[in-house]
Amino acid sequence: MAAPFPDWNDLRDILLITDAGSLSGAARLAGISQSTMSRRLAAIEAHGQPIFLRDEMGRMSPNARGVELVTAAREMAAIYDRVKARLTDAPPPLRIASCEMLSRLFLAPQVPAWAMRADSSADLSVHDDVYGLDPESYDVMLAPMATAPERSTGQLLGRLAMALYAAPSYVAAHRIRGRLDTLDGQGVIRASRALADVESYRWLARLGGNVSLLSPNVPTMLEACAAGLGIALLPQELAGNDARLLPLDGPQAPACDIWAVADSKTASDPRIAGFLKWARGQFRATHAEARTA
């Protein structure tokens, strides 16, 4: 009758003895008595199947058969540790970078819902100039864009309705009455950096006017507009309820495209891909509700 082949429990004992170099050391690592460890090894080496060599000092090292079993035990232990880490350790938070406008309108109220759904935390960072960020500093970026940047995978989330606004003091000082078909002669708060390439802000530039401020940050534009610095193109959802601003009668502005982008090398990560898919549906649902409210 063939001797029983060592099972996983046996392999763990073989690995302990190899690493400790003695039965007493292996017993301490396993939290058992030396006699118990000795009985276990005797059972593994029964039927003339030795695994260890013993020197004159009592040190133990695996023989040729033992080396193969130790190699297998280490491989199995490494696989177990990797699976255990994946299934029990908390995954790193998803790093989301965005501008202040989208943080206010979408991310801050909605990301906690995603974190609960995904059973993963999110690290939301808000930047004045989100377009200048190093792609290594985030997993996903949400911002107004014309299209996804080079070497990025993008998801068009949706569009924000836009309109022209000015402070009451600016309207009074410049005697604005009725419809404005052009901004010639007016102070205009314009977009800079990548925001200037978004169609709604390219449209604003074509209306003319004198640049009173350039900014890649929509809330900065809003504050400058409220201070009377000039006419600004702002999301209706952000500026419509601000008592410091008046909507102006003029041409219909194109909507502002909102994108979520990730580096092409990491976009297939299940956490990132899952967030992009969720954000698209959630953004559209949230802003559809805002339009009908």
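Procedures and definitions
- Residues numbered from 1 in each chain as written.
- Predicted model: local features only at pLDDT ≥ 70, side-chain atom pairs only at ≥ 80, totals over all residues.
- Heavy atoms only, no water.
- Pairing = 2+ DSSP bridges.
- Helix = DSSP H or I, 4+ residues; strand = E, 2+ residues; numbered from the N terminus.
- Axes fitted to C-alpha atoms, helices over the stretch in contact; angles between N-to-C directions.
- Contact = heavy atoms within 4.5 Å.
- Buried < 20%, exposed > 50% of the residue type's maximum accessible area, 1.4 Å probe, protein only.
- Parallel < 35°, antiparallel > 145°, perpendicular 65-115°, else oblique.
- Nonpolar A, V, L, I, M, F, W, Y, C, P; charged D, E, K, R; others polar.

Enquirer: Help me understand the sheet that holds strand S12 (residues 256–263) in this model?
Expert: The pairing of strands in a sheet comes from backbone hydrogen bonds and takes either a parallel or an antiparallel form. An order of S4-S3-S5-S12-S6 is seen for the five strands of this open sheet, with the pairing classed as mixed. Strand pairing shows two members of the sheet lacking a second neighbour, strand S4 (122–127) and strand S6 (152–160), which therefore form its edges. On average, adjacent strands in this sheet sit at an angle of 20° to one another, irrespective of strand direction. Packed onto the sheet, helix H5 (residues 100–118) meets strand S3 (94–99), S4, strand S5 (140–144), S6 and S12 and runs at close to 155° relative to S3.

Enquirer: Sorry, what's going on with unusual backbone geometry here?
Expert: The phi torsion of most residues other than glycine is negative, and most of the peptide bonds are trans. In this model, Arg151 sits at a positive phi of 65°, which is unusual for a non-glycine residue. For Arg151, the location among the structural elements is in the loop between S5 and S6. Unlike most non-glycine residues, Arg175 shows phi in positive territory, near 50°. Turning to its location among the elements, Arg175 is positioned in the loop between helix H6 (168–173) and strand S8 (187–191). Here Arg175 falls in the exposed class, since its relative accessible area comes to 65%.

Enquirer: I keep staring at the packing of helix H2 (residues 23–30) against helix H3 (residues 34–44) and nothing clicks. Help me out?
Expert: In a packed pair of helices, the relevant descriptors are the angle between the two axes and the axis-to-axis distance. Direction vectors running N to C along H2 and H3 enclose 110°, while the axes themselves pass 8 Å from each other. With respect to each other, H2 and H3 are oriented roughly perpendicular. In contact with Leu23, Ser24, Ala26, Ala27 and Ala30 of H2, H3 contributes Gln34, Met37, Ser38 and Leu41. Partitioned by chemical class, the residues of the contact of H2 with H3 number six nonpolar, three polar and no charged.

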